[in-house]
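As a plain string of letters, each chain reads:
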Amino acid sequence: MLRESPVDERGEVSAVAALLRGSRDAIRAPSPEPLRVKELDEQLRQMRAATVCALNQMLDLKDLNTGVHSTRLAEWAMRVAEQLGVAEHDLRDIEVAAILHDIGKVGVPDSILNKPGKLTPEERAVIEKHSEYGWAILRLIPGFERASLLVLHHHERTDGKGYPARLKGEEIPLGARIVSVVDAFDAMVSNRSYRQGLPAEEAMRRLRADSGTQFDATIVERFVQLAVQELPEISQIVAPAGLAAPLSPEQT
Ligand SMILES: [Fe+2]
């Protein structure tokens, strides 16, 4: 039978009181060994990495991503962020967001995602929901809450004409501004089934042309400096022949 009071008729301490005493003893006990804390940190890091890999696999299955694309994007985003002096724990959020920024496209019908022709305004509105879907998925994973906000805002524009919240300039989280620039560049230089990728120099020119309107000007300049240094490497992933048609928003 359950007792209603922590003290019984004989004045003996109840199980609750014993638990309280136990917790006080635990507080007085020496703190966990540094080695154990390190182990737990490592376990947490591995769990985060495994979660990102599993979700990335899912994107591959839906043909929304490729391992190379997401790894490249994350590397560029992290390097730009490092150059901007972003703190270590924020770098991890940017890495997750760079890899999984389009995860919400799992909620968009294939008939719209793979439509070869021009999208209707209604279809475009459905595609634009992907940043909110991505936020809704990632925010449920412990440790990915901040990354989910970067995903939510990765299609905002500096001039306030983006989506979903029409944030402007520095209202847009820094990580989301970085992902926006590197994702646009990667989309421009990559080959797709329906078009050939742009040469890197042309993609950089287009980034600069949209600097201050679509993209954060400081981030564009940092990224272009980085891309210029690595042109030979980037050129390997760029189709050398011909210019592609300009990208529509849903192609990025
Ligand atoms: Fe996107």
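For the structure given in this document, a descriptive report is provided here. On a predicted model such as this, the values are computed, not experimentally measured, just so you know. (Residues numbered from 1 in each chain as written. Predicted model: local features only at pLDDT ≥ 70, side-chain atom pairs only at ≥ 80, totals over all residues.)

Details of the nonpolar core
(1) Moving on: Ala77, Val181 and Val182 are the most contacted members of the largest nonpolar core, which totals 42 residues.
(2) Moving on: At the level of secondary structure, the elements contributing two or more residues to this core comprise helix H2 (34-61), helix H3 (67-83), helix H4 (88-100), helix H7 (130-138), helix H8 (145-152), helix H9 (174-189), helix H10 (200-209) and helix H11 (217-229).
(3) Moving on: In this view, Val181 contacts Leu207, Phe215, Asp216, Ile219, Val220 and Phe223; residues no more than four positions away in its chain are not counted. (Core = buried A, V, L, I, M, F, W, Y, C linked by C-beta atoms within 7 Å. Buried ≥ 20, exposed ≤ 12 C-beta atoms within 10 Å, placed from the backbone. Helix = DSSP H or I, 4+ residues; strand = E, 2+ residues; numbered from the N terminus. Contact = placed C-beta atoms within 7 Å.)

A few points about the packing of H4 against H9
(1) Moving on: Where H4 meets H9, the closest approach of the two axes is 10 Å, and the angle between their N-to-C directions is 40°. Classified by the angle between their axes, H4 and H9 sit oblique to one another. The interaxial crossing formed by H4 with H9 has right-handed handedness. Side by side, H4 and H9 meet where Asp90, Asp93, Ile94, Ala97 and Ala98 of the first sit next to Gly175, Ile178, Val179 and Val182 of the second.
(2) Moving on: Among the residues making up the contact of H4 with H9, the classes are represented as six nonpolar, one polar and two charged. (Axes fitted to C-alpha atoms, helices over the stretch in contact; angles between N-to-C directions. Parallel < 35°, antiparallel > 145°, perpendicular 65-115°, else oblique. Left-handed = near helix turned anticlockwise from the far one by under 90°. Nonpolar A, V, L, I, M, F, W, Y, C, P; charged D, E, K, R; others polar.)

Quick notes on H8
(1) Moving on: Listed as buried for H8 are Ala147, Ser148, Leu150, Val151 and Leu152.
(2) Moving on: Residues of H8 that are buried sit in contact with H4, H7 and H9.

Details of the environment of Glu221
(1) Moving on: Residue position: Glu221 is located in helix H11.
(2) Moving on: Assessed through the 14 C-beta atoms surrounding it within 10 Å, Glu221 is described here as partly exposed.
(3) Moving on: Put simply, Glu221 and Ser211 are ten residues apart on the chain and 8.7 Å apart in space, counted from C-alpha to C-alpha.

Regarding H11
Because each turn of an α-helix spans 3.6 residues, side chains separated by three or four positions end up pointing in the same direction.
(1) Moving on: With 13 residues, H11 should reach 18 Å at 1.5 Å per residue; the first-to-last C-alpha distance of 19 Å fits that figure.
(2) Moving on: Among all positions of H11, only Ile219, Val220, Phe223 and Ala227 are buried. Mapping the buried residues of H11 onto a view down its axis gives an arc of 100°, with all of them on the same face. Turned more than 90 degrees away from the buried face of H11 sit Gln225, Val228 and Gln229, all of them exposed. (Expected span 1.5 Å × (residues − 1). Arc of directions from axis to C-beta.)

Considering the packing of H7 against H8
(1) Moving on: Axis separation between H7 and H8 bottoms out at 8 Å; the angle between their running directions is 175°. Classed by the angle they form, the pair H7 and H8 counts as roughly antiparallel. Residues Ser131, Glu132, Gly134, Trp135 and Leu138 of H7 pack against Ala147, Ser148, Leu149, Val151 and Leu152 of H8.
(2) Moving on: When its residues are assigned to classes, the contact of H7 with H8 shows six nonpolar, three polar and one charged.

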